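Take a look at the letters that make up each chain.
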Amino acid sequence: MANVEMDFRIEALAGHYRNGLLSPRWVIEEVLQRISNYSDPAVWISRVPEPDLLFDAERLEALAPSERGPLYGIPFAVKDNIDVAGMDTTAACPGATYRAERSATVVNRLIAAGAILVGKTNLDQFATGLVGVRSPYGAPRSVFDRSVISGGSSSGSAVAVAAGLVSFALGTDTAGSGRVPAAFNNIVGIKPTCGRISTQGVIPANRMLDCVSIFANTVADGRAVMSLAAGFDTGDPFSRRHEPRPLAQDGLRLGVPTPESRTFYGDVDAEAAYEAALERLAALGHTPVPFDFTPFAETARMLYGSAWLAERTTAIKPILDGNRDILHPVTRAIIEDGLDYTATDAFGAIYQAAEAKQAGAAVWRDIDAMVLPTTPSIYRVDQVEADPIELNRRLGYYTNFVNLMDLASIAIPGGFRDDQLPHGTMLVAPAHTDDALSEIAASMHAALEPSYGACRRPLPLSDASPDAPPGMVRLAVVGAHLSGQPLNRQLTDNGAVMERKTKTAADYRLFALPNTKPAKPGLAKSLGFNGPGIEVEVWRMPVAGFGRLVALVPPPLAIGTVTLADHSNVKGFITEGHALEGSKDITSYGGWRTYLADN
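Summary of the structure given here. This structure is a prediction, so every number in the text was calculated from the model and none was measured.

## Points about the overall build of the protein chain
Thought 1: A tally of helices and strands in the protein chain yields 20 helices and 25 strands.
Thought 2: Compactness check: the protein chain gives a C-alpha radius of gyration of 25 Å against a globular reference of 25 Å for 599 residues, within 12% of the reference.
Thought 3: Over its C-alpha atoms, taken along the principal directions, the protein chain stretches across nearly 85 × 60 × 45 Å.
Thought 4: A burial count over the protein chain gives 60% of its 599 residues as buried.
Thought 5: Across the protein chain, every contact between residues at least 6 apart in sequence was considered, and the portion connecting residues at least 24 apart equals 75%.
Thought 6: Accessible surface, the protein chain: about 23,000 Å² in total, of which carbon and sulfur atoms supply 52%.
Thought 7: Distance from the positive charge centre (53 side chains) to the negative charge centre (66 side chains) of the protein chain: 3 Å.

## Digging into helix H19 (residues 543-552)
Thought 1: For H19, every residue scored as buried is listed here: Gly545, Phe546 and Leu549. Burial along H19 is one-sided: seen end-on, the buried residues are contained in an arc of 100°. Of the exposed residues in H19, the ones pointing more than 90 degrees away from its buried face are Ala544 and Ala551.
Thought 2: Contact partners of the buried residues in H19: strand S18 (472-477), helix H18 (489-492), strand S22 (535-542), strand S23 (557-563) and strand S24 (569-575).

## Remarks on the nonpolar core
Thought 1: Membership of the largest hydrophobic core comes to 107 residues, with the highest contact counts inside it found for Met370 and Phe401.
Thought 2: It is helix H17 (residues 434-448) that provides the largest number of residues to this core, a total of seven residues.
Thought 3: Not counting the four nearest positions on each side in its chain, Phe401 is found in contact with Phe293, Phe296, Thr299, Ala300, Met370, Leu372, Leu407 and Val428.
Thought 4: Judged by nonpolar contacts, the second largest core, of 34 residues, contains Leu475, Ala476, Ile534 and Val536.

## Some thoughts on the sheet that holds strand S20 (residues 508-512)
Thought 1: Taking strand neighbours across the sheet as the criterion, the three strands line up as S21-S20-S25 in an open arrangement whose pairing is antiparallel. On the outer flanks of this sheet lie strand S21 (521-525) and strand S25 (584-585), each paired with one strand and no other.
Thought 2: Bridging between S20 and S25 involves two bridges; their strand directions are antiparallel. Bridge pairing in S25 links Ala512 to Lys584.

## Brief notes about the packing of aromatic side chains
Thought 1: This model, assessed by the stated rule, comprises 16 aromatic pairs.
Thought 2: Judged by centre distance (5.4 Å) and plane angle (65°), the rings of Phe296 and Phe401 are edge-to-face. In this pair, Phe296 sits in helix H9 (residues 294-305) while Phe401 sits in helix H16 (residues 401-404), placing the two residues 105 residues apart along the sequence.
Thought 3: Phe296 sits in the buried class, given a relative accessible area of 3%.
Thought 4: Counting every residue linked through ring pairs, the aromatic cluster contains Tyr265, Phe291, Phe293, Phe296, Tyr397, Tyr398 and Phe401.
Thought 5: The ring centre of Phe8 lies 3.9 Å from the NZ or CZ of Arg34, which sits over that ring.
Thought 6: Note that Arg68 overlies the ring of Tyr72, its terminal NZ or CZ placed 4.3 Å from the centroid.

## Digging into the side chain of Ser306
Thought 1: Position of Ser306 relative to the elements: it lies in the loop between H9 and helix H10 (308-315).
Thought 2: Taking relative accessible area as the criterion, Ser306 reaches 9% and is therefore assigned buried.
Thought 3: Look past the residues within four positions of Ser306 in its chain and what remains in contact with it is Arg301, Tyr341 and Ala349.

Cut-offs and rules
Residues numbered from 1 in each chain as written. Predicted model: local features only at pLDDT ≥ 70, side-chain atom pairs only at ≥ 80, totals over all residues. Heavy atoms only, no water. Helix = DSSP H or I, 4+ residues; strand = E, 2+ residues; numbered from the N terminus. Rg over C-alpha atoms; globule rule 2.2 N^0.38 Å. Buried < 20%, exposed > 50% of the residue type's maximum accessible area, 1.4 Å probe, protein only. Contact = heavy atoms within 4.5 Å. Areas by Shrake-Rupley, 256 points an atom, 1.4 Å probe, with all protein chains shown as cover. Lys, Arg positive; Asp, Glu negative; His and termini not counted. Charge placed at Lys NZ, Arg CZ, Asp CG, Glu CD. Arc of directions from axis to C-beta. Core = buried A, V, L, I, M, F, W, Y, C linked by side-chain atoms within 4.5 Å. Pairing = 2+ DSSP bridges. Phe/Tyr/Trp six-rings, centres within 6.5 Å; stacked < 30°, edge-to-face > 60°. Lys NZ or Arg CZ within 6 Å of the ring centre and 35° of its normal.

Below is the structure:
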C-alpha cells in the first residue's frame, strides 16, 4: 500500500486517486481490515462478498482517468430498507426478507458515479424508532461509549461512517432517523427537502414524509453526495423538482426556542452544551431570535399520536394480516396502534398538518433558520430497554415536526458535553433551501466542533474556510488562552470562537516561561528543527476584539505569524528570543496541557 494516511473523506481520497497515491483496491483492502478490526458486529446486516468488492475495485482501476466518475473508488453503505439488486432487503425483520431484483434509484445513481457499495447496515425495524436497539441483528452502540445508544433508526449507517468504515452512508429520515444518529456519533446528517432524493426502492415508513438521508464526516462530503443522489424521478410519485431558495450567509437571524418552550428533560449537560453552542454562534455575528417552539412540538407529536401513524401501519399491513409475531415487540406495539384510526381520522390528520405548516410559515418572516438541539438528551441502552417508547418519544422532540411541515434540515456536530458524549446541533429552514443551508452548516460545524467521527479528527482547513471572513482574524493559542485555561476569557469576551484543534509545523519548540502568573509557555520557531509539532487551538475573532486582545499581551509574549501543520499561516502567540534563556524546553510534551498534567 502507498505510504499515505488513509483519510476516508471524499475530498481526501479523490485527491490521492488523482495523484496516483492510492488505488480503489488499496482502499477496499483498508475497508475490509477496518471492518475486521471494529468490535461492533451489529453495524452490518449483510455485506458485499470480498471477491465481489475487489472485483468492483479492479473494474474501476481499469477505467481511463477521463472515464472516472465523481465518486470514483469511494466506499459507502446503505441502510437495509433500501434495495440493492441481488442482495436481501430485511428492514431488520428476518421474516419479511426478500431478494431485491433491482436497486433503488439513489443507489444506482451513486454506483454510476463510481462509488463502491460495501454493504447494508442495521436499523430500528422498519425504520420505526430513534434509538437503534429495535433489531434482531443487535444494537449498534455510540462510537464514544458502548453503553450508550447509537441513535436510530439509521443506526448502522451512522456508526459505519463515524467509525471510519466507509466514507458516507445512506439512511432514511421520517422523524429524525437521519439526524439523531449523526448527533450521537459526531458526524453530519443531511435530511433533504422531501422529494429531492427519490425513494423508489425504499421500504416506506410514512411514504408521504419519507426522505433518503446522507451521513458524512463533513458537510462538504455530504453536499458532494447530495449533488449526485438527488434528481427528479418519474418512478417515485412523491419526487419533486428542486427549486433552489437562497438564505443569508452572514448575520443570520437564528430562531432559538424560548426557555419556556424548550426542554432537556432534566439533562443539564445537554442544556449547557446547547447554550455554549448558541454563545459561539452569536460570537460569529448571528442574531438569536427567540420564538415559541410549542406549536412545532405539538406538530411533532402528531407523527406517532395521530392518524399519521396509520400510514406507517399501511406500509406493513400484510404482515399484520399474516404473521405479526415476526415483528419486534416494540415495533409491533407501535404499529398495531395505527389500526385504531379511521379514514376520517387520516384526512383530519392530513388537514391538521397542513394547517400547522401554514401557521408555522409566520415564523419564517422573522428568522432565516432555526438552530435547535438535535435531541434533548442521550440515553444508555439499558435505559431505553427499560422505557422504550417514552424515551424514544423524547428524542424526537426537536426532529419529528420537520417533515410534517415540509422543511429542510442538517444535523452537525455541536461540541461535547461535560461527560464527553457528543452534543448535536440542528439547523432547520424552509423547503428547497438545502444548498444554502449546507453553506451555513459548514461554517457552523467549524465553529462549534471542528472535528468529526469517533477519533474527533480535526476538520480540515478546506472545510473550515481557509480565508477568514471580512472583519475577522484567525489566532492560534498555545497556553493560558486555551479553552478552560485562566486567560481564555480574554478571547471569549472579545467575541472569539474556537474553530479547531491542530498542531504547529514541525519546526516549533515550546518552553515553560519562569516567573509568569498565570503560568505561561513560550512558542518559538527553530529553523531546521523537526519536532512533533505543538498542539494549538485556532480561534476566529472580530478585528476589533483582536486589537483589544493585542493591547493586553504582556512582554515577553507577542503576536506574530504561526505556521500550522497544514502549512497555512495564522496569527499566534510567540515569544521574544531573549526570554527563552533559562526557560525549560518542554517540546517533548507536545503541548501545554500535557505538560501541566505531568507537572
